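# Working through the structure, step by step
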Amino acid sequence: MLVIEFVIVVFLVLYVVFVWRFTWGWIKTPVFQATNEHLLNISIVVVYRNEADKIKHLLHSLKNLQYPVSQFEIIFVDDHSTDNTTALISEFIVEHNMFSVQMLQLDSKSGKKYGIESAIEHAKYEFIVCTDADCMVPQGWLKEFVGYYQQTHCRIISAPVALCSSETLLGNMQQMEFGTLIAIGAGAIAQRQPIMCNGANLFFEKKTYFDVLSEMRKTYHLLSGDDIFLLQACKKYYGAESIGFVKSSKSIVKTYPVETIQSFFSQRSRWGQKTKYYTDRFTQFIALCVAMVSLGIVALLVLAACSTIQWFVPLFVWGVKLVADFPIIVLWASFIKRKRMLIYYPITAMAYPFYIVFVIVQILFKTNEWKSRSIKNKNATFVK
């Protein structure tokens, strides 16, 4: 029994070290303020499937971008939608014909990765910005990316994504967990140890994308990960210094929390599926530490319930994790000006180990689908 406890404590120590290191990375990342000398031409890429209930919000935010319409285009890629999303986009194009818009359709192939590749092949400009159809972008979005690129010349630039405000417990718990991942990812980038980014708010060079495309295509059979696998490929070929993060409230893209527990676990298990295929050893190790700490807490609680060990052991491990996680959550809540969500931290922190264990079980035993529909290509299934 002492061996199990020792292993769990080792992973706990490593977990605390990494979390605090990435927290310090977030702290030392300065808030960015764009001072653009000249603007770049940009292609905005949006791959969608059945987003009729959300696409109007994205279109409205794109319409309000504070950027010369002559210097950006929007490329929409329809990944086999069966609702009226395409019709809504077509109406937008007719009503706002001052914008340069391309609409593409995936035929025999399916999946966000194929959609992004198709869009970039058709892109007129050398700089790409990706977002999702269920998002809303800020007015100064493109200027922040351009200003940061001109200062750093990073090949990939990540930026914040925040969930819209919610009055439900599930929604607030998602805001906290999701935001922590964004802040940790930013802190890791600042420490030159990039481990994650979010494809809903991502800037990169077209040349860089094609330079690593052969590496990216190795992951096209996976459920998700167009963003993280691009980051890992760029890190591998160009080094960690080629990746940056725009810490600016003017660059925050907003998206929606899922509405049901079933949707939440389905989404998280899709995200988790890709961890088995990470090629970056450091990212693999971080994922292992997170999994082992959560598994360890649950295992120790079971042992305590069976009177095999004292209750203070799992409670101590759990308490250390809570203390380690709290600073980055406070910093994120302050950054997005939603400190009220911190009242949900105790509930979220207590539920987190069980949720991680449940997701691990789903990853091992469940086949996932995107929006209750999967499209098979040869021997693989591609989903968002």
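Residues numbered from 1 in each chain as written. Predicted model: local features only at pLDDT ≥ 70, side-chain atom pairs only at ≥ 80, totals over all residues. Heavy atoms only, no water.

### As for the pattern of salt bridges
- Under the defined criterion, the tally for this structure stands at 13 salt bridges.
- For K112, the salt bridge is made with D132, and the minimal N-O distance between the two is 2.7 Å. Taken together, the positions of K112 in helix 4 (residues 112–122) and D132 in strand 4 (residues 127–132) put the pair 20 residues apart, joining distant regions of the chain. Taken individually, K112 and D132 each receive the classification buried, so the pair is uniform in this respect.
- The partner of K112 in a salt bridge is D226, and the shortest N-O contact between them spans 3.8 Å. Note that K112 is positioned in helix 4 and D226 in helix 9 (residues 226–238), a separation of 114 residues in sequence. Accessibility classification places K112 together with D226 in one group, the buried group. (Salt bridge = Lys/Arg side-chain N within 4 Å of Asp/Glu carboxyl O. Helix = DSSP H or I, 4+ residues; strand = E, 2+ residues; numbered from the N terminus. Buried < 20%, exposed > 50% of the residue type's maximum accessible area, 1.4 Å probe, protein only.)

### Focus on the packing of aromatic side chains
- Summed over all chains, the structure comprises 28 aromatic pairs.
- Seen from their ring centres, Y209 and F210 are 5.6 Å apart, and the 80 degrees between their planes marks the pair as edge-to-face.
- Residue classification places F210 among the partly exposed residues on the basis of a relative accessible area of 34%.
- Measuring from ring centre to ring centre gives 5.2 Å for F264 and Y355, while their planes differ by 45 degrees; the resulting arrangement is tilted. Remark: Y355 occurs in helix 13 (residues 345–365) and F264 occurs in helix 10 (residues 261–273); sequence separation between them is 91 residues.
- Residue Y355 is classed as buried on the basis of its relative accessible area, which comes to 12%.
- Three or more aromatic residues joined by ring pairs form one cluster here, namely F127, W141, F145, Y149 and F203.
- Here K54 stacks its cationic end above the ring of Y256, 5.1 Å away from the centre of that ring. (Phe/Tyr/Trp six-rings, centres within 6.5 Å; stacked < 30°, edge-to-face > 60°. Lys NZ or Arg CZ within 6 Å of the ring centre and 35° of its normal.)

### What about the sheet that holds strand 7 (residues 161–163)?
- Taking strand neighbours across the sheet as the criterion, the three strands line up as 5-10-7 in an open arrangement whose pairing is mixed. Among the strands making up the open sheet, the edge pair consists of strand 5 (135–136) and strand 7. (Pairing = 2+ DSSP bridges.)

### Some details on the pairing of strand 3 (residues 100–105)
- Bridge count between strand 2 (residues 72–78) and strand 3: six bridges; the pairing is parallel. Paired with F76 across the bridge in strand 3 is M103.

### Quick word on a nonpolar patch on the surface
- Nonpolar side chains collect at one region of the surface, where V3, F6, V7 and V10 lie side by side and expose about 360 Å² of accessible area between them.
- Here F6 shows up in helix 1 (residues 2–28). (Patch = residues over 30% accessible without salt bridge, like charges linked within 9 Å, V, L, I, M, F, W, Y side chains within 5 Å. Areas by Shrake-Rupley, 256 points an atom, 1.4 Å probe, with all protein chains shown as cover.)

### Some details on empty space enclosed by the protein
- Enumeration according to the criterion identifies three cavities of 30 Å³ or more in this entry.
- Reported here for the largest cavity is a volume of approximately 80 Å³.
- As for the largest cavity, its lining consists of K113, I116, C130, G199, L202, F204, Y209, M216, Y220, D226, D227 and L230.
- Only helix 4, strand 8 (202–205) and helix 9 provide two or more residues apiece to the lining of the largest cavity.
- For the lining of the largest cavity, the element with the highest residue contribution is helix 9, accounting for three residues.
- Class assignment for the residues of the lining of the largest cavity results in eight nonpolar, one polar and three charged. (1 Å grid on protein atoms, 1.4 Å probe; cavity = no way out; pocket = protein on both sides within 12 Å on 5 of 7 lines; lining within 4 Å. Points joined across faces, edges and corners; volume = space filled by probe spheres on them. Nonpolar A, V, L, I, M, F, W, Y, C, P; charged D, E, K, R; others polar.)

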